[in-house]
4 protein chains.
Amino acid sequence: MTTTLIRNGTVVTADLTYKADVRVENGRIAEIGPNLSADGATELDASGCYVMPGGIDPHVHLEMPFMGTYSSDDFESGTRAGLAGGTTMVVDFCLPEPGQSLLEALKRWDNKSTRANCDYSFHMAVTWWDKQVWDEMETVVKDHGINTFKHFMAYKGALMVNDDEMFASFQRCAALGALPLVHAENGDVVATLQQKLLAEGNDGPEGHAYSRPPEVEGEATNRAIMIADMAGVPLYVVHTSCEQAHEAIRRARQKGMRVYGEPLIQHLTLDESEYFNADWDHSARRVMSPPFRNKQHQDSLWAGLQSGSLSVVATDHCAFTTEQKRTGVGDFTKIPNGTGGLEDRMPMLWTHGVGTGRLTPNEFVAVTSTNIAKILNIYPKKGAILVGADADIVVFDPEKEKTISADSQQSAIDYNVFEGKKVKGLPRYVLTRGKLVIDDGAVKTEEGHGKFVKREPFQAVNKALSTWKELVAPRKVERSGIPASGV
Amino acid sequence: MTTTLIRNGTVVTADLTYKADVRVENGRIAEIGPNLSADGATELDASGCYVMPGGIDPHVHLEMPFMGTYSSDDFESGTRAGLAGGTTMVVDFCLPEPGQSLLEALKRWDNKSTRANCDYSFHMAVTWWDKQVWDEMETVVKDHGINTFKHFMAYKGALMVNDDEMFASFQRCAALGALPLVHAENGDVVATLQQKLLAEGNDGPEGHAYSRPPEVEGEATNRAIMIADMAGVPLYVVHTSCEQAHEAIRRARQKGMRVYGEPLIQHLTLDESEYFNADWDHSARRVMSPPFRNKQHQDSLWAGLQSGSLSVVATDHCAFTTEQKRTGVGDFTKIPNGTGGLEDRMPMLWTHGVGTGRLTPNEFVAVTSTNIAKILNIYPKKGAILVGADADIVVFDPEKEKTISADSQQSAIDYNVFEGKKVKGLPRYVLTRGKLVIDDGAVKTEEGHGKFVKREPFQAVNKALSTWKELVAPRKVERSGIPASGV
Amino acid sequence: MTTTLIRNGTVVTADLTYKADVRVENGRIAEIGPNLSADGATELDASGCYVMPGGIDPHVHLEMPFMGTYSSDDFESGTRAGLAGGTTMVVDFCLPEPGQSLLEALKRWDNKSTRANCDYSFHMAVTWWDKQVWDEMETVVKDHGINTFKHFMAYKGALMVNDDEMFASFQRCAALGALPLVHAENGDVVATLQQKLLAEGNDGPEGHAYSRPPEVEGEATNRAIMIADMAGVPLYVVHTSCEQAHEAIRRARQKGMRVYGEPLIQHLTLDESEYFNADWDHSARRVMSPPFRNKQHQDSLWAGLQSGSLSVVATDHCAFTTEQKRTGVGDFTKIPNGTGGLEDRMPMLWTHGVGTGRLTPNEFVAVTSTNIAKILNIYPKKGAILVGADADIVVFDPEKEKTISADSQQSAIDYNVFEGKKVKGLPRYVLTRGKLVIDDGAVKTEEGHGKFVKREPFQAVNKALSTWKELVAPRKVERSGIPASGV
Amino acid sequence: MTTTLIRNGTVVTADLTYKADVRVENGRIAEIGPNLSADGATELDASGCYVMPGGIDPHVHLEMPFMGTYSSDDFESGTRAGLAGGTTMVVDFCLPEPGQSLLEALKRWDNKSTRANCDYSFHMAVTWWDKQVWDEMETVVKDHGINTFKHFMAYKGALMVNDDEMFASFQRCAALGALPLVHAENGDVVATLQQKLLAEGNDGPEGHAYSRPPEVEGEATNRAIMIADMAGVPLYVVHTSCEQAHEAIRRARQKGMRVYGEPLIQHLTLDESEYFNADWDHSARRVMSPPFRNKQHQDSLWAGLQSGSLSVVATDHCAFTTEQKRTGVGDFTKIPNGTGGLEDRMPMLWTHGVGTGRLTPNEFVAVTSTNIAKILNIYPKKGAILVGADADIVVFDPEKEKTISADSQQSAIDYNVFEGKKVKGLPRYVLTRGKLVIDDGAVKTEEGHGKFVKREPFQAVNKALSTWKELVAPRKVERSGIPASGV
Ligand SMILES: [Zn+2]
Ligand SMILES: [Zn+2]
Ligand SMILES: [Zn+2]
Ligand SMILES: [Zn+2]
Ligand SMILES: [Zn+2]
Ligand SMILES: [Zn+2]
Ligand SMILES: [Zn+2]
Ligand SMILES: [Zn+2]
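Residues numbered from 1 in each chain as written. Chains lettered and ligands numbered in written order. Predicted model: local features only at pLDDT ≥ 70, side-chain atom pairs only at ≥ 80, totals over all residues. Heavy atoms only, no water.

If you check an unreviewed UniProt entry, chain A appears there as D-hydantoinase/dihydropyrimidinase from Notoacmeibacter marinus. Under Catalytic activity (unreviewed entry), UniProt gives the following word-for-word description of chain A: "5,6-dihydrouracil + H2O = 3-(carbamoylamino)propanoate + H(+)". In UniProt, chain A has this text filed under Sequence similarities (unreviewed entry): "Belongs to the metallo-dependent hydrolases superfamily. Hydantoinase/dihydropyrimidinase family." (UniProt positions renumbered as here; feature names shortened; annotations may be inferred.)

Put into structure tokens, the structure is as follows:
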């Protein structure tokens, strides 16, 4: 395999910033240091650039089955888009249909992912509950290298699980050393609000936002946290979009609970006014759950990244074409939920985070890559610039600018929710396991290059929490003679 | 009817303290003023005493059906106990069995209450949901003078309703101008914890406390608040026992939501150590839901009364004898839930509230009587010392002392959870609609004297909230040509 | 004196709403009831109207000395403006100059107030500290009927006191049963920010807002609360304008501390954009401390009124003419601080509070009149519709509308900060101690009619707090032999 | 210099846990990897051990001048104690007397520190304020490698600075890229409470605790945060001991403010009951500021370490002998403030943090070493196990146990506040810049081995914050013609 030498850059990781060259061999980082000798290696000029761990997007839905069709970006176009933006690993969600074997569903996902251009992994969704699921969870963890289980508190009648099932699954996660994830919205309330809005004639895309107010997300987040606490397991809340949910997370954390929140780049930078656009298509294209919120919620999310109460920036990339979106004309509940973002996450976050001073470059690396690698227990294989780590690297030019446009994007869809936004800070080079795939603008991805990344259970936080929960477990009161009062 | 003149006392209401005599005629207050003329009236010497509105206990269960038996205090002994402690009105809960007509259940309760010694009213419980319940709610409000509906979020498989049902019922309450009440504990989680504890051999009364930690109460409180907010209706949370639930209430109120919390006198003054007593009976007698909490939770509740984030002190009086309690030997889930308190609420709260300086005498009146009268929309018929108000009056002697004991109580049960506690501040006289029933220690109650108190819907807060919710309701975006983008 | 009968109205107090006529004799309410007989009384038709306690504005500065001139509304025009808007009592601040005797200052204020058209009282400011002040505070309380002492944490070099002095004064208040008030802004920080802004060329009225951000108000509020807590005395925070200050108040209250917050009608309804107006005069006329805030702060204040964490709506009426304001052209620190509001407080609050459903009519009465009467210990002489209370009454027509304009106002100044705002809900009649002064639009005030209202110390909350603080006071550890370790 | 090979250990850093050997050469880490060749190196057997970055204690006072004497541990015994416990770097406070040149004070500290057994650095205290201090701050930063300035908000009449001075100094820090530190207690209130307590006869050590309640610490913390925010500079709060202070820190962080809190190992593990001991000496030996708090405060601090709202565990080591402590017999204000802790911080935190499951081993490293290294801008020279880093290493045996006792400690004083506490988890070996000084129980420290560690200003967070503050700085409103209204 080719040896590559990244020259003259500044290495930026979650905790370090220093001048060094980086040598890549056999898909891994082989050497880091000043003035490394070329030694026949292909050289990449990183002058003026930051050499950072490639981004990890822990929340994507590629070729996701939906109402007889699929989300339009598959593992090929989706990972290509990701790489173009500096993201070198994605985690998709394996979604068994209610009643379907987890292992069977996994086969289907394994098939789809063979086309991936970069490494990937899966979260397993728990969409129903019985003894079979309980059994298969162990297999999924031990034989398939999956240590995360997703739970939907919304999408009633489809993916949603109730408190009972969630509590059972969370307890199972605790025993297996796995991490539960939740999509946190109160599905009962959303379903009722949807019917109420439609009945009142509120059938446009703004109805989607009206039917999913911050309060229903905050409530579900709070509930999931309580259940995780009772089960003695950490919790990861996907797409935390609002102050109410963030508040619940903060409140838990300030009691020592182990809860992670994941804002999306969309919620950090776009607001609810998108749904009030006079153009139905404009609004429908932005329909996702949770919906975009207002400025105050955005401020809350940014502050969460700054303070550490929120841990990871993702995309929930789930791209539907305008044509697919139009399924919902006249009934917003039929608009497929999802937007793109894979290609734009890193430049948008750099521009609005590092560019404004809200984040340091190190914090940028932490929230786009290193934190999630640790949470998923794949650090430092991923998320690190360290000798021995996978050579998933982005050489990031902080001066490079562009205006985002669907015309020039990698994604398969015909629009971009960030259309027209200017970004400053873009990849010059991107390497996935040592392979140069973004070469100063040229896209040289290789279909099928991506490999599945296995993840071990019992991350350090799981272990510590179990120790603590054992220590404070209920103790039986010993009594002699019951009743003793002799009344 | 007799005319009574209360002489030389100091009238204390929720907002006034002043010297005045009070004349009672025909069951109502006829005159208030200095030096009223005797005019043939029976005189009661209130020297050194406070003349206050009789207590209202909005949360009692008298002769409540339970597992083929009944809670031991019925409307006769229960209201007698209440009167002895200065409480002149109680509100019981009419509990339809799942599937049972609300009106049918009401008949049963009407029968039981004929023996009441003081005035009373009912909350109607919504324990199941379909079109019939929806219909009957209107009848209950309009024809039966009941403006409150109770919802159990716990007692899975029995009284519990789910989020869907609760949301539907709350919306119905909003339309009818009624106030929803909730018993807030996550029933799914409680049920699972119960099974887990029993499986681990934790079968004693302390297991009851372990199975209902503050977190599950806080979660349910938070959820009910969100649902009420979505329904546009105020909310009343019964037996708020812990900081977690109180925090949820405070958080809602600080956003302007209309939420009331009701701590019980037990939670204010007794703590969880009661469940760790070596005597099984001692602990089992204190089994109620929510269970007693620790000192920090108590501090939170007291502060809530001081600041107004909690509104009402009640008892959830539901008395079971030791024999009944022993049903749960070997399985705490079978211990009937409930404790007494009706007789002791006023003296205990005065002693620990006014006596310590945590509450002013006016605040004492507010939280034992006036606030709930306003919330229930029966003020100033009840809860007031005003001309025209019902002569439900307690002449309270702040210097009178006793040690609480089952031996000398009115309640039908054989123990008292406050056994041995000293109180300072006790009724000298108690009048129920003008009738002197507690006469300096002598109990002269009259079975059947009590009357049902009708309550009108659309309390001022309900109306204001509806106005606001209408003002901020979702507005449809008008669009011409969908889709407009012409793509 | 004339007898007046207010006919066919609906009496609205802080806790009651009922149909009744009200008879006024000798300046007091003589009788309340249905269908009172005319009996020669002058009749006022209150059909369709609410008969409410006249407003009390606890925060005004009439004819306040300032830089060699005076605020333009004096006790005559100021109280006339107040009466026109339904306010029947004002409390002004007696401001001794540093070093000046409190009693001497009081004489000066007594002189000014002889022209008042309605009843009034004074808060005494503590603007410096030594033994004389300590001594005179007792005289002020015992001989002059003043139970409130104001402390400025801002206006460095002029009125400001430091923490030491404030603590000493608060302790003195505790001993005298008086209530301390604070203007809460960090004066050190404000002074430094002012110089910094001027140095940077930020000399316009917007500089005033920049120099007094919410953070400096929040900090000072928090500090004053801590000091009051240490001194064991309740605290009243004037002109609470922002979430930061409100948060500090809520946080204290949720620990049981006795703290009151007073938002102004200006902060509830006007926002910071006023300072960015291209017209210097427009902005300068709105210069007051604290400055107007943004929408989020307004929402916080409204919610505080709804939940009870804020208690009173005032104006800080301190009117300067445009000419006076222009003193600060080129240097915003020289713009005299203050706006009008006395005439508009009641209609503006009704329109934006009751009209929108944020407040009930009873809550309106509470926050404009009754709450402050209780806090100031003058209830029910003021703030009540009760027999024996002063006949300070507003007959309020909820359907009456107008557009606020300086052209038609009573205030002496040449503009109105609410210019152009429409209000719905205005007085039809206003009586001050029985005298009809606003008669369906006609202003019939009588200069000098107003009397000083004496206020007793040791309000119930002060007493309760002292009891509590005594109970939890530090206790000495008794030790025999010191040191005992014998090392 | 000796080469050392640490064999068979598990490297534990703030973010990694992996098996590896570590080779040390010339005082630095030369190689990390599996099965490194011995190559003549001295081998240390780390089997069963964790190889971690040596602890950094950022808060010590060695040989601190105090009332004509000195704290008893000097740079020799203090650093020896630290090394024995696994701490390989300390940061002391250079304390100019009011009026004294910063540079002159620094000379005195340079003299004392020549005896240090391990590396060290200084914080510079700002104890007074004028142009000279302003000037010298730059020299201190640029020429002396000090990037932190300490401010005392307590110790009135001695070290205390007022808000004005603090704001000026914080602004200076912002400009110089330095980090301000605060000792946060309201000195005015403390001084008054001290006098009050003494006057009441409360002269024992418990009076010390009474005079410094959590509220005064919370208040000062809140104030310092506001001032730092206004100055646009991050803030580091030393010895955060209570929920009130922690709450202020959390509240700031949740708005995105850059604030760090530093709990002490003493406050995490000891409580206020120590001051109620019948033995005066026992209590006096525990006198430090802030004093120990109760269990609820401890829980808050632990949760802060877990959630990241608190960053660093320190000791404030400032050891006075029993004899020195007895200066305060009869007057607690004369008891020298300070306790030991340097030797016990690491084992106590491991035992109560990692041993209970509250912290992971990685979090242990973060809060004892890596976080502060980053904050002080000396990472990865210190706080890291990376090639090139200083070989400050602790080989930590998690199974090693002892009972803490003054009899066997390194500290010069005659008692230990942790006397009798059992710890599990102790150093097997400790290296300071490559020198083995703790060798399985044997202490082989070398006086004078320690070197001063220079620290650069403009840490990444300072820079980012400056960018943000510039972005949101006040903007002047451009107006043509002032006044424009033409009135
Ligand atoms: Zn989702
Ligand atoms: Zn998703
Ligand atoms: Zn209940
Ligand atoms: Zn109940
Ligand atoms: Zn002011
Ligand atoms: Zn003022
Ligand atoms: Zn200190
Ligand atoms: Zn210190």
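Next, the rest of the story.
Undergrad: Can you help me understand unusual backbone geometry in this one?
TA: Apart from glycine, the bulk of residues carry a negative phi angle, and the bulk of peptide bonds sit in the trans form. Cis geometry is adopted by the peptide bond preceding P380 of chain B, which originates at Y379 of chain B and carries an omega value of 5 degrees. Relative to the assigned elements, P380 of chain B resides in the loop between α14 (361-375) and β17 (393-403). With omega at -5 degrees, the peptide bond leading from S289 of chain D into P290 of chain D counts as cis. Positive phi values are uncommon outside glycine, yet D440 of chain A reaches one of about 50 degrees. Its location among the elements puts D440 of chain A in the loop between β19 (435-439) and β20 (442-443). Overall, the relative accessible area of 48% leaves D440 of chain A in the partly exposed class. The phi angle at N8 of chain B is positive, at roughly 65 degrees, despite the residue not being glycine. As for its position among the elements, N8 of chain B is in the loop between β1 (4-7) and β2 (10-12). (Helix = DSSP H or I, 4+ residues; strand = E, 2+ residues; numbered from the N terminus. Buried < 20%, exposed > 50% of the residue type's maximum accessible area, 1.4 Å probe, protein only.)

Undergrad: So what exactly am I meant to see when it comes to the coordination of the zinc ion (ligand 5) here?
TA: Perfect tetrahedral coordination of a metal by four donors corresponds to 109.5 degrees between them, and perfect octahedral coordination by six donors corresponds to 90 or 180 degrees. Listed as protein donors to the zinc ion (ligand 5) are H183 of chain C (ND1) and H239 of chain C (NE2); their distances from the metal cover 2.1 Å. Classification of H183 of chain C by relative accessible area gives buried; the value is 2%. (Donors = N, O, S within 2.8 Å, 3.2 Å for Na, K, Ca; no water.)

Undergrad: I'm lost on the coordination of the zinc ion (ligand 8) in this one. Help?
TA: All names here are of chain D. Taken together, the protein ligands of the zinc ion (ligand 8) are H59 (NE2), H61 (NE2) and D316 (OD), with distances of 2.1 to 2.2 Å. Considered as a linear motif, the donors of the zinc ion (ligand 8) on their single chain read H-x1-H-x254-D. A gap of 3.5 Å separates the zinc ion (ligand 8) and the zinc ion (ligand 7). Residue H59 is located in strand β8 (residues 55-60), and its partner D316 is located in the loop between α11 (295-307) and α12 (322-325); the two are separated by 257 residues in the primary sequence.

Undergrad: Is there a simple way to explain the sheet that holds strand β1 (residues 4-7) of chain A in this structure?
TA: To summarise the sheet geometry, strands pair through backbone hydrogen bonds and adopt either a parallel or an antiparallel arrangement. All names here are of chain A. Across the sheet, which stays open at both edges, the 4 strands sit in the order β5-β4-β1-β6 with mixed pairing between neighbours. Edge strands, defined here as strands with exactly one partner in the open sheet, are β5 (28-33) and β6 (42-45). The sheet shows a mean angle of 20 degrees between the axes of neighbouring strands, direction not considered. Relative to β5, strand β4 (residues 21-25) runs antiparallel, the two being bridged by 5 bridges. Within β5, the residue paired with R23 across the bridge is E31. (Pairing = 2+ DSSP bridges. Axes fitted to C-alpha atoms, helices over the stretch in contact; angles between N-to-C directions.)

Undergrad: How should I be thinking about the relation of the copies chain C and chain B in this particular structure?
TA: Put simply, the second copy of the chain is the first one after a rotation about an axis and a shift along it. The two copies are related by a screw operation: chain C maps onto chain B through 180 degrees of rotation and 0.0 Å of translation along the axis, at an RMSD of 0.0 Å. One copy is carried onto the other by what is essentially a two-fold rotation axis. Taking the C-alpha atom as reference, chain C places G308 of chain C closest to the rotation axis, 3.4 Å from it. (Least-squares fit on C-alpha atoms with pLDDT ≥ 70 in both.)

Undergrad: Looking at this model, I keep getting lost on the interface of chain A and chain B. Mind explaining?
TA: The accessible area lost on association of the parts is a frequent measure of interface size. Each partner contributes residues to the interface: chain A has 55 residues there, and chain B has 55 residues. Across the chain A/chain B interface, buried area totals approximately 4,500 Å², and carbon plus sulfur atoms make up 56% of it. Inspection of the region where chain A meets chain B yields 10 salt bridges. A salt bridge links D203 of chain A to K476 of chain B, with the shortest nitrogen-to-oxygen separation between them at 3.0 Å. Across the chain A-chain B interface, the total number found is 24 residue pairs in polar contact (both at pLDDT 80 or more). For the side of chain A that touches chain B, the secondary-structure elements that each account for two or more residues are α4 (163-176), α5 (187-199), α6 (205-210), α7 (214-231), α8 (243-253) and α10 (280-285) of chain A. At 9 residues, the largest contribution of residues to the side of chain A that touches chain B is made by α7 of chain A. When grouped by side-chain class, the residues that make up the side of chain A that touches chain B number 22 nonpolar, 11 polar and 22 charged. (Contact = heavy atoms within 4.5 Å. Buried area = accessible area lost by both parts, 1.4 Å probe. Salt bridge = Lys/Arg side-chain N within 4 Å of Asp/Glu carboxyl O. Polar contact = N/O pair within 3.5 Å; in protein donor to acceptor, adjacent residues only side chain to side chain. Nonpolar A, V, L, I, M, F, W, Y, C, P; charged D, E, K, R; others polar.)

Undergrad: What's the story with the nonpolar core in this structure? I'm lost.
TA: Most often, soluble globular proteins keep nonpolar side chains buried together rather than apart. All names here are of chain C. Of all hydrophobic cores here, the largest spans 145 residues; its most connected members are L349 and I393. Looking at this core element by element, the count peaks at 8 residues for helix α7 (residues 214-231). Not counting residues up to four positions away in its chain, the partners in contact with L349 are I265, L268, W302, L305, V313, V354, L359, F364, V367 and T368. (Core = buried A, V, L, I, M, F, W, Y, C linked by side-chain atoms within 4.5 Å.)

Undergrad: Can you walk me through the interface of chain C and chain B in this structure?
TA: Taken residue by residue, the interface counts 30 residues in chain C and 30 residues in chain B. Carbon and sulfur atoms make up 56% of the surface buried where chain C meets chain B, a total of about 2,600 Å² over both sides. Looking at the side of chain C facing chain B, the largest losses of area belong to D15, Q254 and R258 of chain C, adding up to 20% of the total buried there. The partner of E363 of chain B in a salt bridge is R258 of chain C, with the nearest N and O atoms 2.7 Å apart. Scanning the region where chain C abuts chain B turns up 14 residue pairs in polar contact (both at pLDDT 80 or more). If you list the elements that add at least two residues to the side of chain C that touches chain B, you get α8 (243-253), α11 (295-307), α14 (361-375) and α15 (460-471) of chain C. When residues in the side of chain C that touches chain B are grouped by element, the largest group, 7 residues, is from α15 of chain C. In terms of residue class, the side of chain C that touches chain B is built from 12 nonpolar, 10 polar and 8 charged.

Undergrad: Quick question: what am I supposed to make of the relation of the copies chain A and chain B here?
TA: When chain A is fitted onto chain B, the two copies agree to an RMSD of 0.0 Å after a turn of 180 degrees and an axial shift of 0.0 Å. Comparing contact sets, 100% of the residues at the interface of chain A also lie at the interface in chain B, consistent with an isologous, same-surface contact.

Undergrad: What should I look at first to understand the pairing of β17 of chain B in this one?
TA: Each regular strand carries side chains that alternate between the two faces of the sheet. All names here are of chain B. Here strand β7 (residues 50-53) runs beside β17; their pairing, made up of 4 bridges, is antiparallel. Looking at β17, one finds that M52 is bridged to V394. Examined bridge by bridge, β17 and strand β18 (residues 422-432) share 8 bridges and lie antiparallel to one another. The partner of F396 across the bridge, within β18, is P427.

Undergrad: What exactly am I supposed to notice about the sheet that holds strand β13 (residues 148-152) of chain D here?
TA: All names here are of chain D. Strands sit in the order β8-β11-β12-β13-β14-β15-β16 across an open sheet of 7 strands; the sheet is parallel. Looking along the sheet, the strands with just one partner apiece sit at the ends: β8 and β16 (259-261). Averaged over all neighbouring strand pairs, the angle between strand axes comes to 25 degrees, with direction disregarded. As defined by bridge partners, strand β14 (residues 179-183) adjoins strand β15 (residues 235-237) across 2 bridges and the pair is classed as parallel. The residue of β15 that forms the bridge with L181 is Y236. Across the sheet, helix α1 (residues 75-84) lies against β11 (87-94) and β12 (119-125), angled at about 140 degrees from β11, the strand it touches most. Along the sheet, helix α8 (residues 243-253) makes contact with β15 and β16, crossing β16 at roughly 150 degrees.

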